[in-house]
Amino acid sequence: MRLSLSAALLLTACTAWAQGTATLTGVVRDEQGGTLPQANVQVVGTTVGAVSDATGSYRLELPAGRELHLRWTYTGHVAYDEDLILNEGEERVLDVRLRLATLPIFEVRDRRAEREQGIERIDPRLARFNPSPLGGVEALLGGQIGVVMRNELSSGYSVRGGNFDENLVYVNDIEVYRPFLVRAGQQEGLSFPNPDMIERISFSAGGFEARYGDKMSSVLDIQYKKPRKFSGTAMASLLGGALQIGSPMANGRLRQITGFRYRTNQLLLGGGDNQGEYRPVYTDLQTYWTYDLKDNLELGFLGLYSRNRYDVVPQTRTTEFGPFNQALRFDVFFDGRERTSFETFFGALNLNVRPNKNLLLKFQTSAFRTFESEHFTIQGQYRLGELERDLGSEQFGEVVRDLGVGTFLDHARNDLDATVITVAHKGYLQLPNSYLQWGADARREVINDKLNEWSLIDSADYSIPLSTGEDLNLSYALKSKLGMESVRASAYLQNTWRWERGDDRWWSLVAGARAQHWTYNGQTVASPRARLTWHPGWKKVLGKDSIVDRDYSFWLATGLYYQPPFYREVRRPDGTLNPDIKAQRSIHLLMGMDRWFEIWERPFKFTAEGYYKKMDDVIPYEVDNIRIRYYGANLAKAYATGLDIKLAGQFIQGVDSWMSIGVLQAREDLKDDVYYWRFNAAGDTIYPGFTRDNVAVDSSAVHPGWIPRPTDQRVNVAMFFQDEMKQWPTFKVHVNLVFGTGLPFGPPNFNRYADTLRTPIYRRVDIGFSKQFLGAEGQSERGWRRHIENLWLTAEVFNLLNINNTIDHTWVTDVSGRQYSIPDYLTPRRFNLKLIAWF
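In this text the structure is predicted, and so the values were computed from the model without any measurement. (Residues numbered from 1 in each chain as written. Predicted model: local features only at pLDDT ≥ 70, side-chain atom pairs only at ≥ 80, totals over all residues. Heavy atoms only, no water.)

**Thoughts on the nonpolar core**
- Among the nonpolar cores identified, the biggest contains 59 residues, and Y157, F203 and Y224 are the most heavily contacted of them.
- The contact partners of Y224, leaving out residues within four places of it in the chain, are V171, N172, F192, P193, N194, M197, I198, E199, Q286, Y288 and L302.
- Membership of the second largest hydrophobic core comes to 21 residues, among which are V28, Y58, L62 and L98. (Core = buried A, V, L, I, M, F, W, Y, C linked by side-chain atoms within 4.5 Å. Buried < 20%, exposed > 50% of the residue type's maximum accessible area, 1.4 Å probe, protein only. Contact = heavy atoms within 4.5 Å.)

The following block contains the structure:
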């Protein structure tokens, strides 16, 4: 009997083993039917698993004839578990829908995709509750690693010592652009991405993959929704309104989402030092359609029309500044008008083909057309005076001594139109042990620019610079008519390898290269890039049958990042183009780690990353408000190094918050940069406007060497904190806090060595109070209210502490050559009401 029993058991085991394998395939989607790329499918308790591709599709080879426990997970969504038994040779299709977690960022257990790709996921729904005057997705970047934002009127941001033009922004795999002529945040208006239409936001602060384009700082990758059911949002506030509607049609094969935005910054601009009649109107209409021609063939269209118009008739300006022992007042009385307009048309067609379950091919074509104009003629009669500081004087706070009186006249008639046409192809192939991606594109650029701007300064009846004879010398003049046509062609290839070591231990390597050729200067550049990630799978034994995961990961990323110049980098200060200009080059080296852990039984994530960027063939620039004025030549080398840390989690149950701290040093060295100290007969250094004897008899050359870059902000702290009242969970508070040290600045000329001054510390607190009236948990509605899923009313206070933050400086020069720097402040404390509905 023993022998017979042993033989039966052995035969049963062999039969079970010989049952072979089965195949499980499917698509991972969200609640609305949108696909979830890089979702994880795992057989619990084993190392068997798969990662979905760019369309959310997955494929698993599984043992047949036994019960398996499978788990589907994706960042920001609740995991789904199911037990399966497959027959030998069976090929079962199982599509899974994952619902959003209460806390989209943290209530998940698998973070592998983010760690492998070096990206950070951002919940776009937070944009509607973030108390920021911007109101767009860029406001959410303020707390991300390496990001610095210092202007609440502009969507521009700098990352790790780079400028606004060094950041890539993609919408549905298509690169989008910022305005060319904009010089101040109030002119800029609405940015391209519509937060109500966004499904996913991914951000990388450096060391990004080869599939992303050729810029030196960061990537913001945005994907729009493909709605599977009727839904919409509506928002109205004192700053404007928005409406978005998405719906499926034709039995779900046709899907569309359309959004309209209207915005006016009149509320923000009316309380500053500059008083006048402001008429800023910004409008935007976008639509995104997709249609399934076949089960494996999808056609899509993205269209946009945007018009940002800024009109102002300035009247007066009064700015008080300086310490108590030298309090000054700058008064200006204006005449004239400014009118700025940016009108943009954009259209894109894409065709997605899936020849088989492992291969996805994308074909895209897009056209971008913009018309920009900047017209102003403004005269200002100014008076700079010193205020009475004696508290006992009847004239306390009044001007008792004039330091400068004069008139300036600024004039511009600038017009620009640009056309960019792009054709592109991208491919994705799931191989047995790796994931291959490739792409190629060609882009034709046509830009026509007409510049006519000048400035006249008259101080105490003298024109500066002094004029002799019949000619009137202007302090600044630029007049040119430029045209530039070129073609860019680029291609990339990258692969992802993964090595499983069991017990949640794994390695991954993402390596690739891209190349680009530009016909304007004939230069071809190649950029290899790589990222290695290690997940050690450490665990801590707390006691018998009690083991806690110590969820660490470590990474090393490096690469060569070229940035071929666009139009503004090519244009010299004198209004001519430089056909010999070359691409800027940056070598990235990043080392970092993160850890997921729990405090108070709530998930938290700590991230730390150190970096070093070595840059060559750098094109120097000056920053005027938000306008970047390039030197138009490769005149410098530079570096940026620093450390960024971030803590994110649920400080309050069910509510996301985060805090980041960054330390940075960014410096550059201009080639052949030299200036001279001049000395008079007494041996004193000559300072125009200060020394009496300004006749030079000797001089000494000074080579500045390494100097701070315009974005050298040494310390940046950003915090986004949310709270709710325990007794009233439908009442929430949202706080934005930003602290940043000063930036370098200097006189308005192209002498970079003179930018040795520092702006004051940047400090800002914005707060919002939100109350949910409809859609609360356990609440049922009747009548028309049953069609509204959520209804929130938000009261916001911008710049709660009413701090005067400096964005730029106005320079006043008297006839003796002495210069005075008057700070240009950002917006003061403002109040806003906002009503938001989801249906």
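That shown, we press on.
**Things to note about unusual backbone geometry**
- Its identity is not glycine, yet D173 carries a phi of approximately 70°, on the positive side.
- Along the polypeptide, D173 turns up in the loop between β12 (167-171) and β13 (174-175).
- A positive phi angle, close to 50°, is found at D617, a residue other than glycine.
- Residue placement: D617 occurs in strand β33 (residues 602-618). (Helix = DSSP H or I, 4+ residues; strand = E, 2+ residues; numbered from the N terminus.)

**Brief notes about the environment of L254**
- Note that L254 resides in strand β18 (residues 254-263).
- Through-space distance from the C-alpha of L254 to that of D441 is 28 Å; in sequence the pair is 187 residues apart.
- Residues contacting L254, with those up to four places away along its chain left out, are S247, P248, M249, W289, T290 and Y291.

**So, the environment of L168**
- Positionally, L168 belongs in strand β12.
- Under the relative-accessibility criterion, L168 is labelled buried at 1%.
- Measuring from C-alpha to C-alpha, the distance between L168 and R627 comes to 18 Å, with 459 residues separating the pair along the chain.
- Those residues in contact with L168, other than ones at most four positions away along the chain, are Y157, E175, F208, Y212, G213, D214, K215, S218, V219 and L220.

**With respect to the sheet that holds strand β15 (residues 218-224)**
- If you trace the five strands from one edge of the open sheet to the other, you get β9-β14-β15-β12-β13, paired in mixed fashion. Each edge of the open sheet is held by one strand with a lone partner, namely β9 (120-122) and β13.
- Bridging between β9 and strand β14 (residues 198-204) involves three bridges; their strand directions are antiparallel. Across the sheet, the residue bridging to E120 is F203, located in β14. (Pairing = 2+ DSSP bridges.)

**Brief notes about the pairing of β18**
- Note that strand β17 (residues 240-249) and β18 share ten bridges and pair antiparallel. Counterpart to M249 in the pairing with β18 is L254.
- With ten bridges connecting them, β18 and strand β19 (residues 274-294) associate as antiparallel partners. Note that in β19 the partner of R263 across the bridge is Y282.

**Side note on the packing of aromatic side chains**
- This model, assessed by the stated rule, comprises 35 aromatic pairs.
- A centroid spacing of 5.9 Å and a plane angle of 40° characterise the contact between Y170 and Y212, whose relative ring orientation is tilted. Note that Y170 is positioned in strand β12 and Y212 in the loop between β14 and β15, a separation of 42 residues in sequence. Here Y170 matches Y212 in class, with each residue buried.
- On the numbers, 6.4 Å between centres and 75° between planes, the contact of F208 with Y212 is edge-to-face.
- The buried category is assigned to F208, whose relative accessible area is 1%.
- Among the aromatic residues, those joined into a ring-pair cluster are W507, W534, W538, Y552 and F554.
- Above the plane of the ring of W658 lies K646, whose end atom (NZ or CZ) is 5.4 Å from the centre. (Phe/Tyr/Trp six-rings, centres within 6.5 Å; stacked < 30°, edge-to-face > 60°. Lys NZ or Arg CZ within 6 Å of the ring centre and 35° of its normal.)

**Description of the pattern of salt bridges**
- Scanning all chains against the criterion turns up 60 salt bridges.
- Close ionic contact of R279 with E277 constitutes a salt bridge, the shortest N to O distance being 3.0 Å.
- Owing to a relative accessible area of 37%, E277 belongs among the partly exposed residues under this scheme.
- Two residues, E796 and K834, come together in a salt bridge whose shortest N-O distance is 3.1 Å. (Salt bridge = Lys/Arg side-chain N within 4 Å of Asp/Glu carboxyl O.)

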